[in-house]
Amino acid sequence: MRSPADLPVHRPVNRARVAIVVGILAAIVLVASLHGLAVFYTDFLWFRSVGLTQVWSGVLLSKVFLGVLFVAIFFVLCFVNLAIVDRRAFRMLPTGPEDALVQRYRAVVVPHAAVVRSIAALVLALIVGAGVSGEWNNWILFTHAVHWGVKDPVFHKDVGFYVFQLPFLSFLVEWAFAALLVVTLAVAGASYLTGGIRLQGPGPRVHPEVKAHLSVLLALIAVVKAVGYYFQRYELLNANDGFAHGAFYTDLHARLPAIELLIVISLVAAVILLGNIRRQGWGLPIIAIGLWAFISIVVGAIYPAIIENFTVIPSQATKELPYIGRNISATREAMGINGVGTQSFSASQTLTASQVDANRKALSAVRIWDPSLTSATFNKLQDIKGYYTFANLTVNRMDIGGEEQPVVVGVRELDQSQLPAQSWVNTHLQYTHGYGAIVAEASSATSNGVPNFLVQNVPPTSSSGGPRLTQPAVYYGVTDPSYVVANSRQAEFDYQAANGGTVQSHYQGSGGVPAGSVFRRAAFALRFGDLNLLLSSQVTAKSRIMFVRNVVQRVEKAAPFLSFGSNPYAVVLHGGIYWVVNGYTTTDQYPYAQPPNTTVLPASSSLANTSFNYLRNSVKVLVNAYNGKMTFYVTDPSDPIIRAYEKAFPALFTPESAMPAGLAAQLRYPLSLFTLQSEVYGRYHITNPSNFYNASDAWVLAASPAPGAVTSGGGGIFGIGNVTPMTPQYTEIQLPGQSKPSFELLEAFVPYATGSDSQQNLTAFMVAGNGPAQHGPGAYGALTSYVTPRGIQINGPSLVNAEISATPAVSEAQTLLDQHGSSVEQGTLMLVPVDQSLVWVRPLYVQSSQNALPAIHYVVVVYGKTVTLESTLPEAIDATFGSDLSHSTTGPPSSSSTKPVSPSVQGLITQANTDLQQAQSFLQAGNLGGYQSSVEKAQQLLQKAVKLEQAANTKPPATT
């Protein structure tokens with residue numbers, strides 16, 4: 001017997017401590033709840049401030065409606081079935097070892113049966129039904145479906161059925177199956193607790209009434225399964241287990257009959273289960289379920305595998321041809337490549353002087369500034385202060401002095417992490433916005449190799465016909481800044497004046513949400529976790545709280561049912577700065593259409609690593625950088641998906657015809673869309689099913705000619721090998737048949753080779769027009785493929801890149817410059833069609849290894865076998881085509897060749913090289929003035945050398 005000392009001591013519960021813990025937990029729950037309510041309320045204020053309460057309420061009501069409806073349906077279904085269990089419990093008198101459990105359950109539950117039933121049904125309903133709100137987008141499309149106008153080739157149903165209705169109907173069937181299964185398990189569990197199901201003891205294991213109840217539920221499950229099989233027939237048209245996407249021979253001749261047989265088997269099983277209500281035992285139901293499982297395996301899996309391996313594969317080239325034709329037709333339509341124009345391009349090397357002169361303007365407009373490689377140059381020359389940044393430099397075109405020119409455009413945004421002091425006033429009240437933009441010529445450079453700016457500095461100044469900025473303040477951009485309070489009592493910093501003072505202002509626009517009452521400010525304080533919003537005397541009722549200032553996040557919040565491009569671009573329009581964001585509609589339900597290989601896109605693209613087989617750029621969103629106003633312009637009204645969303649949210653969209661003057665002239669065809677269309681077109685330019693199957697003329701995107709390009713995996717119906725594809729180029733070119741240059745997006749193709757990048761011959765190039773809406777090549781959205789002759793060696797980008805690197809003049813110049821603390825980087829290789837010939841252009845950038853400021857030092861022009869290296873683009877063009885042009889296939893003499901020079905000329909060259917080395921020293925130290933002076937001295941010496949050589953009828957070597 002244990003002594004009292006050994007017995008456990010029962011200490012009284014410290015009620016005060018328990019109360020404190022409970023109070024803390026309650027406070028946490030309350031704060032979390034208040035934060036959620038604050039986010040909900042301020043989101044409503046945000047949507048109201050941008051005039052889109054219709055979208056907010058439409059999406060919210062769809063979520064609430066679906067959630068409440070399906071929770072209610074399941075609650076009623078579960079409650080009724082549990083009530084039936086409880087009612088028959090009184091008629092069943094359990095005997096045996098399980099009596100004690102049943103008696104205890106009845107003693108505890110029966111007095112509160114209705115409450116317990118309600119709680120159990122509600123908990124299960126919340127688990128099963130609440131998640132249905134995630135189907136809000138499919139519900140919106142289901143309830144606002146439009147006629148597509150195209151029928152599938154198997155069931156002859158409108159494509160709109162597959163895109164708008166089938167996804168939600170399939171979900172309904174899946175949900176009903178899962179709901180009935182949960183209810184069946186709940187009924188079985190409740191029946192066990194009430195004694196209707198026994199695991200041991202004398203008598204039947206399942207009470208007849210329980211058996212009848214479960215039989216009815218199982219019959220309903222079988223009926224729902226039959227309905228699921230019915231819709232599964234349509235899903236075959238998007239099968240991905242054959243030669244290509246869609247229903248092929250095995251799908252239609254084996255899987256479809258198997259599914260139809262399973263429909264019958266499911267209905268027969270339902271009848272057997274209902275007939276089992278009046279029978280003893282479970283023999284027939286087990287036979288029915290076993291028969292269904294057996295047929296599912298044999299007919300649904302084994303039989304199709306036999307057909308595929310023994311009938312289709314040995315004769316695939318003939319068996320699959322009709323279905324390949326369906327895949328080709330659907331894919332071309334779904335990816336918008338059905339109307340690609342095709343032109344022959346001879347890629348000859350027989351340019352005449354008149355042809356060069358006719359294209360000289362286009363040759364001079366070739367882009368030599370690549371923002372992805374030279375962003376440091378623009379930032380260091382024009383960010384002005386450390387707290388400014390150009391986060392997104394893009395290439396576009398503008399009308400400068402009556403001529404369209406390619407330009408680099410950047411917006412000077414505020415980098416809050418670089419503010420002089422990270423105080424709350426600085427971060428949220430005073431430094432609220434960026435200021436101004438830059439516009440630089442994309443095809444020229446100054447004498448010291450830096451950009452020619454048309455718009456620059458703070459405050460912005462314009463020159464040489466550049467656009468004027470009358471509203472340069474930038475509150476909305478591509479960075480991800482925190483919230484700011486505009487128009488507070490604290491003046492907002494604009495810029496530092498020339499005399500050292502500061503220029504400040506108070507926001508006068510309509511952006512943001514009015515701070516309003518103390519209640520509203522408290523809600524924002526809860527949202528951002530910042531009590532200063534509530535306590536600061538600087539914030540007034542007229543202040544405006546700006547948040548969601550990243551333009552991509554802004555449009556995604558405003559229209560969560562669309563996909564948006566991740567790289568918006570800036571335009572200068574009517575004195576203001578605007579952002580253009582591309583909006584896409586996608587679906588993976590277009591019958592027979594092949595999904596594109598999205599791995600060809602950069603990882604930053606919003607379309608990368610996603611699955612779809614229909615894509616349209618149906619919306620262009622214009623976002624005002626000053627007030628954040630968003631305008632969603634529908635640029636493809638023929639897209640049925642955008643028409644469905646227009647029915648659902650008519651206040652959101654604006655017709656393209658309402659675009660402000662000048663905007664259409666600055667719109668760009670989306671790079672991601674064009675990349676995917678090009679990737680698909682490489683295979684689907686072949687429209688003959690037999691030739692498509694053989695793939696003898698299939699193309700892939702040309703490998704990136706950039707040095708050190710990383711590898712990436714292939715994908716889709718056939719991959720791109722193991723190379724990084726060349727990024728499409730925005731460029732000003734003059735296409736065959738055009739009378740003047742136009743701004744185009746261009747991509748190159750090489751022959752497809754399995755698993756390697758060995759094929760580097762140019763087979764074609766495709767361009768997307770960016771010009772005014774008109775017919776023919778060059779019009780916005782017009783896709784044209786220029787196909788080179790078969791059987792002729794035509795260098796693609798990789799081979800041209802190799803020729804440039806192997807040219808002595810280039811390698812010598814690179815060796816000379818790539819020392820003394822500086823480095824050389826090869827710029828983007830640009831393909832330029834000139835009449836029926838090809839010219840390639842590549843800039844060489846030089847920068848200090850200690851103070852990176854890439855400057856253009858040389859430009860390389862390649863024509864045929866000629867590789868010319870000169871200081872500027874015009875000089876390189878003149879050196880390439882300035883001599884007497886012949887009709888030979890070797891082209892003009894290469895500047896890489898060397899000729900004897902006189903001692904006096906050699907002395908000038910030596911001194912010029914010394915000055916260039918001195919220039920590199922200045923560049924390394926960040927002394928741009930000294931760098932420019934040394935370069936100018938070197939140029940003067942070289943000019944003297946040129947004159948001496950011209951007098952001797954000898955051209956100095958390009959290695960200088």
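Quantities reported herein were computed from a predicted structural model and do not represent experimental measurements. Numbering of residues begins from 1 in every chain and follows the order in which that chain's sequence is written. Local features in a predicted model are, by the rule used here, given only for residues with pLDDT of at least 70; side-chain atom pairs are given and counted only at 80 or more, and totals for whole chains, interfaces and linings are based on all residues. The side-chain values count all of the structure's non-hydrogen atoms but skip hydrogen atoms and water molecules.

Chemist: Teacher, can you tell me more about the overall build of the protein here?
Modeler: When its secondary structure is counted, the protein shows 26 helices and 31 strands. Here the protein holds 960 residues, and 52% of them are scored as buried. Contacts: residue pairs with any heavy atoms within 4.5 Å of one another. A separation of at least 24 residues holds for 69% of the contacts in the protein among residues at least 6 apart in sequence. Only the protein chains shown count as cover for residues, with accessible areas throughout obtained via the Shrake-Rupley method and a probe of 1.4 Å. For the protein, the accessible surface area stands at approximately 40,700 Å², while carbon and sulfur atoms represent 59% of it. Only DSSP runs of H or I with at least four residues qualify as helices, and only runs of E with at least two residues qualify as strands; both kinds are numbered from the N terminus onward. Three exposure classes are used, based on accessible area relative to the maximum for each residue type with a 1.4 Å probe and protein chains only: buried under 20%, partly exposed in between, and exposed over 50%.

Chemist: It is not clear to me how empty space enclosed by the protein should be interpreted in this structure. Could you clarify?
Modeler: Empty space among the atoms becomes visible once a probe the size of a water molecule is rolled across them. Cavities and pockets were defined on a 1 Å grid built over protein atoms only: a cavity is a set of grid points that admits a 1.4 Å probe from which the probe cannot escape, a pocket is an open set flanked by protein on both sides within 12 Å along at least five of seven lines, and lining residues are those with an atom within 4 Å of any such point. Grid points are joined across faces, edges and corners, and a volume is the space filled by probe spheres set on the points. In this structure the tally under the stated criterion is four cavities of 30 Å³ or more. Considering only enclosed or pocket space, the second largest cavity measures out at about 90 Å³ in volume. Around the second largest cavity sit 13 residues that line it, and Leu414, Val474, Thr479, Pro481 and Arg549 are the ones nearest its centre. Residue composition of the lining of the second largest cavity, grouped by class: five nonpolar, six polar and two charged. Charged means Asp, Glu, Lys or Arg here, nonpolar means Ala, Val, Leu, Ile, Met, Phe, Trp, Tyr, Cys or Pro, and polar covers whatever is left, Gly included.

Chemist: Even after reading the chapter, I still don't get the confidence of the model for the protein, so can you show me in this structure?
Modeler: Low pLDDT means the predicted atomic positions in that stretch should not be read closely. This prediction gives the protein a mean pLDDT of 86; 85% of its residues lie at or above 70. Per-residue confidence from the predictor is given as pLDDT, running between 0 and 100. Long-range and interchain partners of residues 884–899, a stretch whose pLDDT sits below 50, account for 32 contacts in this model, where long-range means more than four residues apart. For the stretch residues 953–960, pLDDT sits under 50, and the model shows 19 contacts to residues farther than four places along the chain or on other chains.

Chemist: What am I meant to see in the sheet that holds strand β11 (residues 484–486) here?
Modeler: Sheet strands associate in pairs through backbone hydrogen bonding, adopting either a parallel or an antiparallel arrangement. Think of it this way: DSSP has to see at least two bridges between two strands before they count as a pair. Read across the sheet, three strands follow the order β11-β15-β14 without closing on themselves; strand pairing throughout is antiparallel. Of all strands in the sheet, those with a lone pairing partner are β11 and β14 (513–514), marking the two edges. Note that β14 and strand β15 (residues 544–546) share two bridges and pair antiparallel. Residue Val513 lies in a different strand from β15, and its bridge partner there is Ile545.

Chemist: Before we go on, may I ask you to explain the side chain of Glu320 in this structure?
Modeler: Secondary-structure assignment places Glu320 in the loop between α10 (316–319) and α11 (321–334). Positive charges are assigned to Lys and Arg, negative charges to Asp and Glu, while His and the chain termini are left out of the count. Think of a salt bridge as a Lys or Arg side-chain nitrogen and an Asp or Glu carboxyl oxygen that are within 4 Å of each other. Comment: no salt bridge for buried Glu320; closest opposite-charge side chain is Arg255, at 8.4 Å. Sequence-distant contacts of Glu320, defined by excluding residues within four places in its chain, comprise Phe248, Tyr249 and Val312.

Chemist: How do you make sense of helix α19 (residues 640–648) when you look at a structure like this?
Modeler: Structurally, the α-helix is built with 3.6 residues per turn, so residues lying three or four positions apart point the same way. Regarding α19, the residues found buried are Pro640, Ile641, Ile642, Ala644, Tyr645 and Ala648. What qualifies as a polar contact is a pair of N or O atoms within 3.5 Å, subject to a donor-acceptor requirement within protein and to the restriction that residues adjacent in sequence count only when both atoms come from side chains. At the N-terminal boundary of α19, the capping side chain belongs to Asp639, with an oxygen 3.2 Å from the backbone nitrogen of Ile641.

Chemist: Even after reading the chapter, I still don't get the sheet that holds strand β4 (residues 403–411), so can you show me in this structure?
Modeler: Ordered in space as β3-β4-β7-β8-β9, the five strands form an open sheet in which the pairing is antiparallel. Of all strands in the sheet, those with a lone pairing partner are β3 (394–400) and β9 (461–462), marking the two edges. With two bridges joining them, strand β8 (residues 451–456) and β9 adopt antiparallel strand pairing. Bridge pairing links Gln456 to Thr461 in β9. The strands touched by helix α14 (residues 371–382) within the sheet are β3, β4, β7 (437–445) and β8, with β8 carrying the most contacts at an inclination of about 60°. Lines fitted to C-alpha atoms define the axes, with helix axes restricted to the stretch in contact, and inter-axis angles between N-to-C directions lie between 0 and 180 degrees.

Chemist: How do you make sense of the packing of aromatic side chains when you look at a structure like this?
Modeler: To describe a pair of aromatic rings, you give the distance between the ring centres and the angle between the ring planes. Two rings from Phe, Tyr or Trp (for Trp, the six-membered ring) form a pair when their centres are within 6.5 Å of each other. A pair whose planes differ by under 30 degrees is stacked, one over 60 is edge-to-face, and the rest are tilted. The full count for this structure, using the stated rule, is 54 aromatic pairs. On the numbers, 5.1 Å between centres and 35° between planes, the contact of Phe142 with Phe168 is tilted. Linking Phe142 in helix α5 (residues 136–143) with Phe168 in helix α6 (residues 159–193), this pair joins segments that are 26 residues apart in sequence. Pairing Tyr669 with Phe674 gives two aromatic rings, centres 6.3 Å apart and planes at 85°, and the pair type is edge-to-face. For Tyr669, a relative accessible area of 6% puts it in the buried group. Assessed through its relative accessible area of 0%, Phe674 is described here as buried. Feature note: the residues Phe65, Phe70, Trp139, Phe142, Phe168, Phe171 and Trp175 constitute an aromatic cluster, connected by ring pairs. Charges are assigned to positions over rings by a cutoff of 6 Å between ring centre and Lys NZ or Arg CZ, combined with an angular limit of 35 degrees from the ring normal. Cation over ring: Arg233 sits above Tyr234, and NZ or CZ is 4.9 Å from the ring centre. One Lys or Arg, Arg683, reaches over the ring of Phe692 and ends 4.2 Å from the middle of that ring.

Chemist: When you look at the pairing of β3 in this model, what are you seeing that I'm missing?
Modeler: Along any regular strand the residues' side chains alternate between the sheet's two faces. In terms of burial, β3 is largely enclosed, as six of its seven residues are buried. Bridge count between β3 and β4: seven bridges; the pairing is antiparallel. Its bridge partner lying in β4, Thr394 is registered against Val409. Between β3 and β4, which follow one another and run antiparallel, lie two residues, and Gly401 among them has a positive phi close to 60°.

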